[in-house]
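What follows is each chain in one-letter form.
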Amino acid sequence: MKRRNIENPKIEKIMEYIYIVVGSAFVAIGFNLFLLPNRVASGGVSGISTILDATFGFEPAYVQWSFNIPLFIAGVILLGKQFGFKTLIGTIFVPFVVYLTREWEPATMDPLLGSLFGGICIGLGLGIVFRGKASTGGTDLAAQIIHKYTGLSLGTCVALIDGLIVLSAAFVFDIERGLYALIGLYVTSKTIDIVQIGWGRSKMTMIITNKQQEVQDAILHEIDRGVTRLAAHGGFTNNERPVLMCVVDQTEFTKLKQVVRHIDPHAFVTVTDASEVLGEGFKRV
């Protein structure tokens with residue numbers, strides 16, 4: 001039993017490195033198959049390498065190394081050693097795979113398809129790398145440095161850098177390519193969210209009703225889901241008004257509505273997406 005507890009952290013650490021390598025490969029392949037041939041510079045160092053490749057003929061992999069490695073060193077010096085060896089792997093491995101796959105035939109020469117599927121590949125790769133508790137460096141490190149020394153929010157710094165790259169693409173190529181780059185950026189961010197927190201198939205409901213016990217029993221026994229009673233007070237009457245909180249799968253949500261409506265047609269119910277649910281009856285922690 002002790003041996004198993006010792007080996008699990010080792011397996012977890014190995015899996016993190018596998019995530020970094022696999023995720024970095026997705027980023028690089030998506031870049032070469034979709035973004036680069038269609039001149040879609042959707043932010044980041046890859047966007048800079050796309051612009052320099054089109055303008056001066058510079059090899060994208062070399063451009064990415066020439067930006068990533070100095071930025072990593074600057075990040076370690078200015079921000080501390082928080083990035084570690086795993087981020088260094090991502091920083092180096094993405095351009096390496098870009099170089100290895102540079103002769104691959106483009107998957108499409110339609111810039112819209114290139115921006116969509118390129119964004120999906122980049123987002124999928126980055127999401128996997130983030131699961132390995134690392135990053136691919138690049139302009140993310142530059143944004144963190146600017147954030148530290150200017151006081152601007154990190155999101156603003158990332159948006160400014162990526163915005164400048166997209167504007168440069170619009171200037172070097174044309175407005176349409178800049179718009180395609182924005183599409184690629186949006187798809188990338190959404191795909192990262194999906195990889196990180198799932199599809200949001202669960203629903204969290206908050207129920208205010210005068211028949212708390214009946215609704216609670218129905219949820220427990222008819223839907224077979226847990227329910228939590230939260231202490232609350234009405235804002236107008238200041239009377240005690242407990243709130244029932246329950247998380248259900250999307251397939252169970254219709255039944256929950258029917259149960260609540262049957263018991264108390266006047267119940268007040270709010271519903272939100274629960275992107276990721278960990279615990280009994282859902283994912284394991």
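Our subject is the structure that appears above.
Residues numbered from 1 in each chain as written. Predicted model: local features only at pLDDT ≥ 70, side-chain atom pairs only at ≥ 80, totals over all residues. Heavy atoms only, no water.

Peer 1: Looking at this structure, how should I read the sheet that holds strand β3 (residues 243–249)?
Peer 2: Strands belonging to one sheet form pairs held by backbone hydrogen bonds; the direction of such a pair is parallel or antiparallel. Across the sheet, four strands lie side by side as β2-β3-β1-β4; this open sheet has antiparallel pairing. A strand with exactly one partner marks an edge of an open sheet, and here the two such strands are β2 (228–230) and β4 (268–274). Across the sheet, the mean angle from the axis of one strand to that of its neighbour is 25°, orientation sign disregarded. Bridging between strand β1 (residues 202–208) and β4 involves seven bridges; their strand directions are antiparallel. (Pairing = 2+ DSSP bridges. Helix = DSSP H or I, 4+ residues; strand = E, 2+ residues; numbered from the N terminus. Axes fitted to C-alpha atoms, helices over the stretch in contact; angles between N-to-C directions.)

Peer 1: I'm lost on a nonpolar patch on the surface in this one. Help?
Peer 2: A surface patch of nonpolar side chains, amounting to about 490 Å² of accessible area, comprises Ile11, Ile14, Met15, Ile18, Val22 and Phe26. Following the sequence through the fold, Ile14 ends up in helix α1 (residues 2–35). (Patch = residues over 30% accessible without salt bridge, like charges linked within 9 Å, V, L, I, M, F, W, Y side chains within 5 Å. Areas by Shrake-Rupley, 256 points an atom, 1.4 Å probe, with all protein chains shown as cover. Salt bridge = Lys/Arg side-chain N within 4 Å of Asp/Glu carboxyl O.)

Peer 1: I tried to follow the nonpolar core on my own but got confused; where do I start?
Peer 2: Here is a general trend for soluble globular proteins: nonpolar side chains tend to be buried in one another's company. In terms of nonpolar packing, the biggest core is built from 16 residues, with Phe31, Val98 and Ile122 touching the most fellow members. Sort the elements by how many residues they give to this core and α1 lands first, with four residues. Discounting chain neighbours no more than four positions away, the residues touching Ile122 are Val27, Gly30, Phe31, Leu35 and Thr188. Judged by nonpolar contacts, the second largest core, of 15 residues, contains Ala218, Leu244, Leu256 and Val260. (Core = buried A, V, L, I, M, F, W, Y, C linked by side-chain atoms within 4.5 Å. Buried < 20%, exposed > 50% of the residue type's maximum accessible area, 1.4 Å probe, protein only. Contact = heavy atoms within 4.5 Å.)

Peer 1: Would you mind going over helix α4 (residues 84–100) with me for this structure?
Peer 2: Side chains that are three or four residues apart share a direction in an α-helix, a result of its 3.6 residues per turn. With 17 residues, α4 extends 25 Å between its outermost C-alpha atoms, agreeing within 8% with the 24 Å of an ideal straight helix rising 1.5 Å per residue. For α4, every residue scored as buried is listed here: Lys86, Thr87, Ile89, Gly90, Thr91, Val94, Pro95, Val97 and Val98. (Expected span 1.5 Å × (residues − 1).)

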